[in-house]
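One letter stands for each residue in the lines below.
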Amino acid sequence: MLKAFVLGCSVATFATGMASAQDWTKSKWGPNDEIGAANYMTPELVVKAAGLIKTGKTYALGIPVDSKTPAYPPRTFKITIVQPGQAGSPGLGPTKTTYNDDIIDGWVGIGSQLDGLGHIGVEHVYYNGNKLADFADPTGLKKLGVEKVPPMVARGVLLDMAAYYNTDVVKEGTAFNVKEIEEVAKKQNVEIRQGDVVIFHTGWLSLIGKDDKRYSAGEPGLGVEGAKYLTGKGVVAVGADNWAVEAIPFESKNVFEVHQILIPMNGTYILENMDTAELAKDKAYEFMFVLGQARFRGGVQSMINPIAIR
């Protein structure tokens with residue numbers, strides 16, 4: 001969700017666990033790859049994901065968005081409804097056809113969203129070694145645009161962290177690392193596999209409209225070691241019911257390090273502000289995850305409404 005930050009640190013600082021500072025700039029899928037962990041998705045895995053459908057119940061994971069939806073500053077959003085060319089007219093043609101159109105004035109990174117691979121970098125270097133000066137343009141990214149992301153159809157796994165901590169809303173700053181992830185997965189009798197989409201339920205989204213200040217000030221979420229663990233598993237995307245997926249306040253002085261581990265270093269997508277409440281209520285820990293994002297050419301992010309089917 002967050003704009004790429006220019007950090008006063010070297011690339012090597014954030015290459016923890018890598019063989020060398022430059023390893024992460026070279027994708028395992030080759031120098032021309034622009035879709036990262038989406039490469040893990042295969043027709044065979046899609047067929048297996050479809051096999052998870054037992055009841056036919058569907059869940060909308062996107063939230064409604066309006067001008068009051070809290071967002072990372074300075075992001076704003078508004079919608080304007082117009083009736084173009086119809087003022088003073090009973091309508092178009094003999095049938096008097098009338099219509100409404102809408103104009104959106106706002107940032108894409110609001111509400112439920114997909115963070116593309118051109119979103120976050122390390123000292124102006126992005127996924128697969130792409131340098132800002134070579135691919136970022138005010139009119140749209142020349143590489144790594146969200147239009148390149150293929151349809152995301154996968155096995156979805158929900159990790160109910162609120163149940164794990166026995167609370168409705170997990171406390172801000174709580175980091176989910178290897179211990180927590182493995183214990184929740186074991187408790188729910190689910191296994192995290194290559195090609196999965198993993199989503200955390202924390203209850204944080206329930207603060208919107210009730211305590212927007214707290215919602216925006218921090219959040220529970222994925223920790224640094226947890227991010228390395230999930231990327232090591234080969235997941236396609238990581239999501240949560242909050243605005244940045246990772247734990248804030250951060251575990252260290254490093255700023256949005258989890259974002260960096262996921263996106264530029266591993267090509268793993270981030271799904272923010274996922275509405276997980278119904279999935280958690282139904283204890284739907286495995287499901288078919290389907291996402292076809294708006295394909296803004298050269299876009300960094302996309303507003304989304306993924307569907308879970310079980």
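Not measured: the values here are computed from a predicted model.

Draft legend 1. Quick peek at the sheet that holds strand β11 (residues 286–291). The sheet built from 9 strands is open, its strands ordered β1-β13-β11-β5-β7-β9-β10-β4-β12 with mixed pairing. Only two strands of the sheet have a single partner each, and these edge strands are β1 (58–60) and β12 (301–303). Shown here is a sheet whose adjacent strand axes are inclined to one another by a mean of 25 degrees, direction ignored. Alignment of strand β7 (residues 197–201) against strand β9 (residues 237–240), held across 4 bridges, turns out to be parallel. Along β9, the bridge assignment pairs Ile199 with Gly239.

Draft legend 2. Structural detail: the packing of aromatic side chains. The tally for this structure, following the rule as stated, stands at 7 aromatic pairs. For the pair Tyr164 and Tyr165, a centre-to-centre distance of 4.8 Å together with 85 degrees between the ring planes defines the contact as edge-to-face. For Tyr164, a relative accessible area of 23% puts it in the partly exposed group. Centre to centre, the rings of Phe176 and Phe200 are 5.3 Å apart; their planes meet at 35 degrees, and the pair counts as tilted.

Draft legend 3. Focus on the pattern of salt bridges. Summed over the entire model, instances satisfying the criterion amount to 8 salt bridges. Asp282 serves as the salt-bridge partner of Lys57, at 2.7 Å between the closest nitrogen and oxygen. Separated by 225 residues along the polypeptide, Lys57 in the loop between α1 (43–50) and β1 and Asp282 in the loop between α8 (277–281) and β11 bring together distant segments of the chain. The partly exposed category is assigned to Lys57, whose relative accessible area is 36%. Salt bridges sharing common partners tie together Arg155, Asp196 and Glu286.

Draft legend 4. Inspection of unusual backbone geometry at higher detail. In this structure, Pro74 follows Pro73 across a cis peptide bond, with omega equal to 10 degrees. For the bond running from Ile248 to Pro249, omega is 5 degrees, close enough to zero to count as cis. Following the sequence through the fold, Pro249 ends up in the loop between β9 and α7 (257–262). Residue Leu144 is not a glycine yet carries a positive backbone phi of 65 degrees.

Draft legend 5. Region of the structure containing the pairing of β7. Within β7, 5 of the 5 residues are buried, which leaves it mostly tucked inside the rest of the structure. What you see with β7 is no split at all: Val197, Ile199 and His201 on one side and Val198 and Phe200 on the other are buried throughout. The pairing of strand β5 (residues 152–160) with β7 spans 5 bridges and is parallel. The partner of Gly156 across the bridge, within β7, is Val197.

Thresholds applied
- Residues numbered from 1 in each chain as written.
- Predicted model: local features only at pLDDT ≥ 70, side-chain atom pairs only at ≥ 80, totals over all residues.
- Heavy atoms only, no water.
- Pairing = 2+ DSSP bridges.
- Helix = DSSP H or I, 4+ residues; strand = E, 2+ residues; numbered from the N terminus.
- Axes fitted to C-alpha atoms, helices over the stretch in contact; angles between N-to-C directions.
- Phe/Tyr/Trp six-rings, centres within 6.5 Å; stacked < 30°, edge-to-face > 60°.
- Buried < 20%, exposed > 50% of the residue type's maximum accessible area, 1.4 Å probe, protein only.
- Salt bridge = Lys/Arg side-chain N within 4 Å of Asp/Glu carboxyl O.

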